[in-house]
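The primary structure of each chain is shown beneath.
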Amino acid sequence: MEYVRENVSNEYICIAEEMMSSAISFPVNGAIEKVYVNEGQKVSKGTLLAELNTHSLSNAYAAAKAQLDQAEDAMERLQMLYDNESLAEIKYIEIKTDLEKARSIEAIAKKNLDDSRLTAPFSGIIGKKAAEAGENVLPNQTVFTLLKIDQINVRIPVPEKEINWIHSSQTVTLFVSALGDEIFDGTVIEKGVVADRISHTYDIVIKVNEPEQKILPGMVVKVLINDNSKEIISVPVNCLQVAANGSKYVWKVIDSRAYRQTVRVGEFATGGVEIISGLNIGESIITENYHNLHQGMKIKIE
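Counting restarts for each chain: residues are numbered from 1 in the order of the written sequence. Where local features are concerned, this predicted model is filtered to residues with pLDDT of at least 70; where side-chain atom pairs are given and counted, the filter is 80 or more; whole-chain, interface and lining totals use all residues. Side-chain calculation: all heavy atoms of the structure are included, whereas hydrogens and water are not.

> Sorry, what's going on with the overall build of the protein here?
Helix and strand counts for the protein stand at 2 helices and 17 strands. Here the C-alpha atoms of the protein give a radius of gyration of 36 Å, more than 25% beyond the 19 Å that 2.2 N^0.38 yields for 302 residues. A principal-axis box enclosing the C-alpha atoms of the protein has dimensions of 125 × 45 × 40 Å. In what follows, a contact means two residues having at least one pair of non-hydrogen atoms within 4.5 Å. Within the protein, contacts between residues at least 6 apart in sequence are counted, and of these 71% link residues at least 24 apart. Each accessible area is a Shrake-Rupley result for a 1.4 Å probe, and residues are judged covered by the shown protein chains and nothing else. Surface summary for the protein: the accessible area is close to 18,000 Å², and the carbon and sulfur share equals 48%. If the 31 positive side-chain charges of the protein are averaged to one point and the 42 negative ones to another, these points end up 7 Å apart. Put simply, DSSP H or I for four residues or longer makes a helix, DSSP E for two residues or longer makes a strand, and each gets a number counted from the N terminus. With C-alpha atoms as the basis for the radius of gyration, the globule rule is written as 2.2 Å multiplied by the number of residues raised to the power 0.38. Counting rule for charge: Lys and Arg are taken as positive, Asp and Glu as negative, and neither His nor the chain ends is counted. A charge is said to be at NZ when it belongs to Lys, at CZ for Arg, at CG for Asp and at CD for Glu.

> Would you explain the sheet that holds strand β2 (residues 30-35) in this entry?
Whenever strands of a sheet pair, they do so through backbone hydrogen bonds, lying parallel or antiparallel. At least two DSSP bridges between two strands are required for those strands to pair. Reading across the sheet, the 4 strands line up as β5-β4-β2-β7 and stay open at both edges, with antiparallel pairing between neighbours. Edge positions in the sheet fall to β5 (117-119) and β7 (136-137), since each has one partner strand and no second. With 2 bridges joining them, β2 and β7 adopt antiparallel strand pairing. Residue pairing in the sheet places A31 in a bridge with N136 of β7.

> I tried to follow the confidence of the model for the protein on my own but got confused; where do I start?
Low-pLDDT stretches of the model should not have their predicted coordinates read in fine detail. Values of pLDDT, the confidence the predictor places in each residue, fall between 0 and 100. When pLDDT is averaged along the protein, the result is 87, and 94% of the positions lie at 70 or above. When mean pLDDT is taken per element in the protein, strand β4 (residues 48-52) scores highest with 96 and strand β12 (residues 220-235) scores lowest with 78.

> Before we go on, may I ask you to explain the packing of helix α1 (residues 55-83) against helix α2 (residues 89-114) in this structure?
When two helices pack together, you describe them by how their axes are tilted relative to each other and by the distance separating the axes. Interaxial angle, 0 to 180 degrees, is taken between N-to-C directions of lines fitted to C-alpha atoms, where a helix line uses only the stretch in contact. α2 packs onto α1 with a crossing angle of 155° between their chain directions and a minimal axis gap of 8 Å. If you check the angle between α1 and α2, you find them roughly antiparallel. Here the hand of the crossing between α1 and α2 comes out left-handed. All amino acids are sorted into three groups, where Ala, Val, Leu, Ile, Met, Phe, Trp, Tyr, Cys and Pro are nonpolar, Asp, Glu, Lys and Arg are charged, and the leftover types, Gly among them, are polar. Residues of the contact of α1 with α2, tallied by class, amount to 17 nonpolar, 4 polar and 8 charged. Orientation categories follow fixed angle ranges, with anything under 35 degrees roughly parallel, anything over 145 roughly antiparallel, 65 to 115 roughly perpendicular, and all other angles oblique. With the far helix as reference, a near helix turned anticlockwise by less than a right angle produces a left-handed crossing, and one turned clockwise produces a right-handed crossing.

> Please clarify how the pairing of strand β14 (residues 248-254) should be interpreted in this entry.
Side-chain positions along a regular strand alternate between the two faces of the sheet. Counting buried positions along β14 gives 5 out of 7 residues, so the element sits mostly inside the fold. Sheet topology places strand β13 (residues 241-242) next to β14; 2 bridges connect them, and they run antiparallel. In the sheet register, V242 faces β14, and the bridge partner there is K248. Linkage of β13 to β14, two consecutive antiparallel strands, is achieved through a turn of 5 residues, within which G246 is found at a positive phi near 95°. Only protein chains enter the accessibility calculation, which uses a 1.4 Å probe; a residue is then buried when its area is under 20% of its type maximum, exposed when over 50%, and partly exposed in between.

Written out as structure tokens, the structure is:
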């Protein structure tokens, strides 16, 4: 059997985070008339989330619109007098100023009325609902938290001795225990360059594209990152033998004959145990029917 050569992987445990989180609020104060969504509900951009009672706001807009209509009518009637030089300049400027004020007041009143409808600024999922119908809310008081989770971010503090072999755009493997250890692919999108002064770790951020939105914020994620700069030799555990003096050995094949080869072992690796010394890549060992072997025994290789 030819020895297995494999990359070393480091394992990290972390928490999934939403790609983006936004606190949604009304720009104006008032009493909530209706709430149209619930926590966990998926919404599209522009979806109506809630409405305020618009009685006062509608009245304010109606008054502002009436004042604007009056100012525009006055301006239209006096414009001809001004064009015929029958109206004093100072009077014309006064009327013109009143019209601009009326337009500003009407625009503000219309904006306040429009702001009584709270809509989703982007497509996502409702995280938290902080208010219900009938409650009074102030401007910028959070009513909903909207999460964007078609992409999940994972932030990992990496020890300084491991940060050098991690690079941007590197592909990593993630396992989510809450989803039955389902496997996902991720990509390193950020690599910190300033260490934490206490832990001496560097933050990296991994992006996981997840259009099915199965990974939710707060889920525990196990991340495996390969150290491509290191390679190890590993052999199956069952072919590792123990000599009378306690040393470990395997049966190595040289010119179709079996020979004992003392080895030093390390940690368990994928599919076996790590060999620190005693073997080289490309050599072969016997992994079956090795119990009756003796030194220099002729063997048949199939």
